[in-house]
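Observations on chain architecture
For reference, the chains in residue letters:
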Amino acid sequence: MVAKKDDFMSKEEGQFRYPGVPTTADGAGGVTWVETHITQGACAYPITSSTTMGTGYQQEVSNGRKNLWGDTLAFVQPESEHSAASTCEGFALAGGRVTNFTSGQGLVLMKEVLYTISGKRLPIVFHIGARALTSHSLNVHAGHDDVMSVSDCGWGILFGRNAQEATDLALIARRAAEASETPFMNVQDGFLTTHTIENVRLPEPEFMKEYIGDPNAKLRCLFDPHNPLMTGVVQNQDAYMKGKIAQRNYYDKVPGAVQEAMDEFHRQTGRRYQMVDCYRMEDAEYALVGMAGMMETAQAAADYMREEMGLKVGVVHVTCFAPFPATQLVAALKNVKAVTVIERMDNPLAQSNPLVQGIKASFADALAGLSYGSRGEFKYPAVTRIPKIYACSAGLGSRDVRAGHFIAIAKNMRAAQPMEYSVVGIKHPLALPEGDDPDVRPGAAFSMRGHSVGGFGSVTTNKLIASFVGELFNQHVQAYPKYGSEKKGLPTTYYLTVAGDHIRTHTELNHVEFIPLNDVNAFNLGNPLAGIAPEGVVFIQSDKLDPREVWDAIPAYGQKLIRKKRLRVFYLDTVKIAHDVATEPDLQQRMQGVVLAGIFIKVTPFAARAGMSEKQILASVEKQVRKYFGKRGEQVVQENLMCVRHGLQEVREVPRGIIEAGLINQAAKPEAAMA
């Protein structure tokens, strides 16, 4: 595969033994890659949005996969998440290296067992697709209240911002867990990271084998009949407290184990992780602090605020929430005037939301001259003041968090009377006023926003396009859908960005160059062309052959916008193609989305810029088609490839003369009236 430029690697890539294997994957795929190489089994009851991690692992088990030490993988799916956690406990007690994948209510249901896993010093790693909890309503999207609800169970907790970090932290968490005999959670935002395709450097098997080590040699079997040991016994007043406080002997080792795992990972791969990651904080007057994906968007917003608004804003990402990096946070934030901590949750009855509370407590200890740790082994930097610490809730249930929201947060910190607690992204008395929402994508980025219907296959096609574009044209990609529990058969939206640099904007796209309208009703549901760039491209699904009929079917407001921005308009009947090609009835609807892959190649500039032939491009497309559809058999692969070829070869453009004819006719009408 072609090496790609990315922000995770040192510029001196050649000095590192294991720079990673370049490819494209989502966060779930990266985690599955790691765990199917280093573990001996998984015990899980998959729940949205962690399901793809569980099914990915289960598929490898079905294929007879062995781990790096020759152990055949096992997958156990009991009747509930609580039982899955208990099964992991038993697996680990017997000396096995095991994992689990869960989210939301599933994680909360495990809570009773999480305490016993940590209390028995079992170094398990669970992977969490962080998801909002059902409170006033059911939501299956991103929120951090599930993780925070179990943050007192004695587990280490790491947060990744993107697919690369979710992948790498799976290894870092495992090494730290086994070094400190403490279980860990590796957390990524549900759907927003678990299902977003991005450029990833997958850790090499040789590196994982060396970095993690053979479980058969490293892990203790507490159920060894030759070395009997009591575990999980009943303890009364005379013993329980002694055992509980004795746990601190293990927990005191965890911060060092995390840092060692991060340092060794950097030494071998070149990808640097810290418990607290600082961005442009050296001279920052105001800081944005948070966890997971939205903090990459915050970095892009901070760049904009510095370069276009003259505001010295920095960003702090808390990679390690537990053990809490108290001294590092004080060191990072002690010189700023004000801090806003943005969290994907809200707990109004608490003193503050969890991360805000931890930062306030850390500064209080630092100002009082106290230390951190059981024996005060971690020293705070000297401080004589505490910056203003404000709180903000954002992105609950995957509500979009945009650059404009971070600008509003920064402006609030500078206001004469700042709101001490605020929200962004909704209309509410506590919401900050929203202003401009600038385009903070990387330079020369190309974005697509598709309007389709759930079940049309557009989501898979979007991932397919991202995969072959990233590989074939040596570009950074980011592809994700606007998932919804009610989407099947209803309007949905999907997004893709292609750029020369790492893409930090984890948001819905309001600035785009290409808009495919797979949904024939899109023009009746609002303005689907909003945000398209001048001279951009539109594709319209149409059963009409005459380009004039295609044009006439576009509403007047759409025609006006197309003329004003000089957009190119393409059309094709993808429904008929799918119906004619697919031999399986259930695929006749889904394959219409696959046709778009061929259309994308034809109407976007990437193939022309690269000077590649149709044959070269289709060869790369075939590789990705086999990745996504190969398990369904060769016939399905060939039918999907046929759909791609039809899209590439048969898509047609509405001539400029037809588009401009309306203007000519309108100009002629006054003259005719005068005559």
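Cut-off values and rules
- Residues numbered from 1 in each chain as written.
- Predicted model: local features only at pLDDT ≥ 70, side-chain atom pairs only at ≥ 80, totals over all residues.
- Heavy atoms only, no water.
- Helix = DSSP H or I, 4+ residues; strand = E, 2+ residues; numbered from the N terminus.
- Rg over C-alpha atoms; globule rule 2.2 N^0.38 Å.
- Buried < 20%, exposed > 50% of the residue type's maximum accessible area, 1.4 Å probe, protein only.
- Pairing = 2+ DSSP bridges.
- Contact = heavy atoms within 4.5 Å.
- Axes fitted to C-alpha atoms, helices over the stretch in contact; angles between N-to-C directions.
- Phe/Tyr/Trp six-rings, centres within 6.5 Å; stacked < 30°, edge-to-face > 60°.

**A word on the overall build of the chain**
Tallying secondary structure elements over the chain gives 25 helices and 24 strands in all. Compactness check: the chain gives a C-alpha radius of gyration of 27 Å against a globular reference of 26 Å for 675 residues, within 12% of the reference. Along the three orthogonal principal directions, the C-alpha set of the chain runs to about 105 × 65 × 50 Å. The buried share of the chain, taken over its 675 residues, is 58%.

**Re the sheet that holds strand S24 (residues 652-653)**
Sheet architecture is open: 9 strands sit in the order S1-S8-S19-S20-S18-S21-S22-S23-S24, paired in mixed fashion. At either margin of the open sheet sits one strand with a lone partner, and together these are strand S1 (21-25) and S24. Looking at chain direction, strand S8 (residues 197-202) and strand S19 (residues 476-481) are connected through 2 bridges and run antiparallel. Bridged to Glu-198 within S19 is Gln-478. Together, strand S18 (446-453), strand S20 (491-499), strand S21 (512-517), strand S22 (532-541) and strand S23 (568-572) form the strand contacts of helix H21 (residues 585-603), whose direction differs from that of S21 by roughly 145°.

**A look at the packing of aromatic side chains**
Applying the stated criterion across every chain, the model contains 17 aromatic pairs. Summarising the aromatic geometry, the rings of Tyr-57 and Phe-75 are spaced 6.2 Å apart at their centres and angled 40° between planes, so their arrangement reads as tilted. Here Phe-75 lies in strand S3 (residues 74-76) and Tyr-57 lies in helix H2 (residues 51-62), a separation of 18 residues in the sequence. The two residues Tyr-57 and Phe-75 agree in class, both being buried. The interplanar angle of 80° and the centroid separation of 5.8 Å between the aromatic rings of Tyr-211 and Phe-265 together place this pair among those described as edge-to-face. Placement of the pair is Tyr-211 in helix H8 (residues 205-212) and Phe-265 in helix H12 (residues 254-269), with a sequence separation of 54 residues. The exposure classification of Tyr-211 matches that of Phe-265, with both residues buried. Among the aromatic residues, those joined into a cluster by ring pairs are Tyr-18, Phe-207, Tyr-211, Phe-265 and Tyr-273.

**A look at the sheet that holds strand S16 (residues 388-393)**
Taken in spatial order, the 6 strands line up as S9-S11-S10-S13-S16-S17 in an open sheet, and their pairing is mixed. Only two strands of the sheet have a single neighbouring strand rather than two, namely strand S9 (276-279) and strand S17 (421-423). Sheet twist, expressed as the mean angle between neighbouring strand axes with direction ignored, is 25°. Two strands pair when backbone bridges link them, and strand S10 (residues 286-290) and strand S13 (residues 338-343) are joined in this way by 4 bridges, in the parallel orientation.

**Side note on the environment of Ala-163**
Structurally, Ala-163 can be placed in helix H7 (residues 163-180). By relative accessible area, which is 0% here, Ala-163 ends up buried. Taking the C-alpha atoms as reference, Ala-163 lies 28 Å from Arg-609; in sequence the two are 446 residues apart. Beyond its immediate sequence surroundings of up to four residues, Ala-163 is in contact with Ala-25, Asp-26, Gly-27, Thr-193, Thr-196, Glu-198 and Val-200.

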